[in-house]
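Inside the fold
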Amino acid sequence: MPRLQQDLKTGQCQVEFELEGAEYAAIGRVMVQWAYLEQGVYELSAAIAGYVGVDLPNDARSVSFSRRLRVLRDLVTAHATDEEKARMIKLIDRIAGVEQDRHQVAHGTWEWEPHNPDVLRASCLRPSKTFEKLYDLDKINEVADRIGRISFDLQYPGGWEEAFVDTITNGNPEAEEASYFHASRSFVKSVLKRRGEEV
């Protein structure tokens, strides 16, 4: 059950959920991973259509992810080699397989189980969208991990070696120079903070 909350200074009221920070972060991580995957599906569809010289179907920009994924499946089926087609259809099936879990994390109303407060229940009672699923922090993170692995496989069919070369050459494997240095966001923030600059 959501908690009701009132700001004593402003008097504004809101509904709040009894999720811990790590649980909110895990749900957000699923959303961030999914957004990246959706963009990857669109970019690959556009790249295939451009490469083979066909118009990108309107459904590639549809609000419905199922329609956008169908465009990618149709382009792969029509234009990929047999070997690449087999690999891509398996990958598209993995995307379709994780889509329902993502929907439940994104659209579920979250509550905790009174008999076991470490267990969360995501549920939806809308007609034709009814579901109820039990999660804990690890299960939510597992959904995010699955999505992230699919995005990796979509972007780097050659695996880790291809990803490494792409990273050190800034996407240009013919580059004459390569950089092995990567400054993480937390590193840059710490340097700026140490210098006294606004972060």
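Let us now look at the pattern of salt bridges. One pass over the structure, following the stated rule, counts 10 salt bridges. For Glu 38, the salt bridge is made with Arg 68, and the minimal N-O distance between the two is 2.9 Å. With Glu 38 in helix H1 (residues 21-52) and Arg 68 in helix H2 (residues 65-79), the pair connects residues that are 30 residues apart, well separated along the chain. By relative accessible area, Arg 68 is classed as buried at 13%. We note a salt bridge from Arg 121 to Glu 111, for which the minimum N-O separation is 3.8 Å. With Arg 121 in strand E4 (residues 116-124) and Glu 111 in strand E3 (residues 109-113), this pair connects stretches of sequence that are 10 residues apart.

Put simply, helix H3 (residues 82-107) and helix H4 (residues 137-155) touch, their axes get as near as 10 Å, and they point 155° apart. The angle between the axes of H3 and H4 places the two elements in the roughly antiparallel class. Judged by the sense of rotation from one axis to the other, the crossing of H3 with H4 is left-handed. Facing Arg 87, Met 88, Leu 91, Arg 94, Ile 95, Gly 97, Val 98, Asp 101 and Arg 102 of H3, the residues of H4 in contact are Val 143, Arg 146, Ile 147, Arg 149, Ile 150, Asp 153 and Leu 154. Tallied by class, the residues present in the contact of H3 with H4 amount to eight nonpolar, one polar and seven charged.

Within the secondary structure, Gln 104 is located in helix H3. On the accessibility criterion, Gln 104 (10% relative accessible area) is buried.

Okay, the pairing of strand E1 (residues 3-6) next. Both faces of the sheet carry side chains from a regular strand, because those side chains alternate between them. Bridge count for E1 against strand E2 (residues 13-16) is four bridges, and the pairing is antiparallel. By the bridge assignment, Gln 6 is partnered in E2 with Cys 13. The hairpin formed by E1 and E2 contains six residues between the paired strands, and Gly 11 there has a positive phi angle of roughly 80°.

Backbone hydrogen bonds hold the strands of a sheet together, and the pairing may be parallel or antiparallel. An order of E3-E4-E5 is seen for the three strands of this open sheet, with the pairing classed as antiparallel. Only two strands of the sheet have a single neighbouring strand rather than two, namely E3 and strand E5 (131-135). Within this sheet the neighbouring strands show an average axis-to-axis angle of 25°, counted without direction. Two elements, E3 and E4, share five bridges in a ladder whose sense is antiparallel. Each bridged residue has a counterpart across the sheet, and for Thr 109 the counterpart in E4 is Ser 123. Of the strands in this sheet, E3, E4 and E5 touch H4, which is tilted by about 105° from E5.

Okay, the nonpolar core next. Ranked by internal contacts, the top residues of the largest apolar core, which has 35 residues, are Leu 37, Val 41, Leu 72, Ile 95, Trp 110 and Ile 140. At the level of elements, H1, H2, H3, E4, E5 and H4 are the ones that each hand at least two residues to this core. Per element, the largest residue contribution to this core is eight residues, and it comes from H1. With sequence-adjacent residues up to four places away left out, Ile 140 is seen in contact with Ala 26, Ile 27, Val 30, Trp 110, Leu 120 and Tyr 135.

Now for the environment of Lys 133. Along the chain, the position of Lys 133 falls in strand E5. Taking the relative accessible area as the measure of exposure, Lys 133 reaches 29% and is therefore partly exposed. Counting along the chain gives 93 residues from Lys 133 to Gly 40, while the straight-line C-alpha distance between them is 28 Å. Apart from residues lying up to four places away in sequence, Lys 133 is in contact with Asp 101, Gln 104, Leu 120, Arg 121 and Ala 122.

Reading the values: the criteria
In this convention, every chain numbers its residues from 1, walking through the sequence in written order. For this predicted model, a pLDDT threshold of at least 70 governs which residues receive local features, and a threshold of 80 or more governs which side-chain atom pairs are given and counted, while totals over whole chains, interfaces and linings are taken from all residues. Note: side-chain values were computed over all heavy atoms of the structure, leaving out hydrogens and water. Salt bridge, as used here: a side-chain nitrogen of Lys or Arg that lies within 4 Å of a carboxyl oxygen of Asp or Glu. The numbering of helices and of strands both runs from the N terminus, where a helix is a DSSP run of H or I of at least 4 residues and a strand a run of E of at least 2. Exposure categories follow from relative accessible area, calculated using a 1.4 Å probe and restricted to protein chains: below 20% of the type maximum is buried, above 50% is exposed, and the middle band is partly exposed. Every axis in this analysis is a line fitted to C-alpha atoms, fitted for helices over the stretch in contact. Angles between the N-to-C directions lie between 0 and 180 degrees. Roughly parallel means an angle under 35 degrees; roughly antiparallel means over 145; roughly perpendicular covers 65 to 115; every other angle is labelled oblique. Crossings are sorted by hand: turned counterclockwise from the far helix by less than a right angle, the near helix makes the crossing left-handed, and turned clockwise it makes it right-handed. A contact between two residues is defined here by any heavy atoms of the two lying within 4.5 Å. Put simply, Ala, Val, Leu, Ile, Met, Phe, Trp, Tyr, Cys and Pro go in the nonpolar bin, Asp, Glu, Lys and Arg in the charged bin, and everything else, Gly too, in the polar bin. By definition, two strands form a pair when at least two bridges between them are found by DSSP. What is meant by a nonpolar core is a set of buried Ala, Val, Leu, Ile, Met, Phe, Trp, Tyr and Cys residues, joined one to another through side-chain atoms within 4.5 Å.

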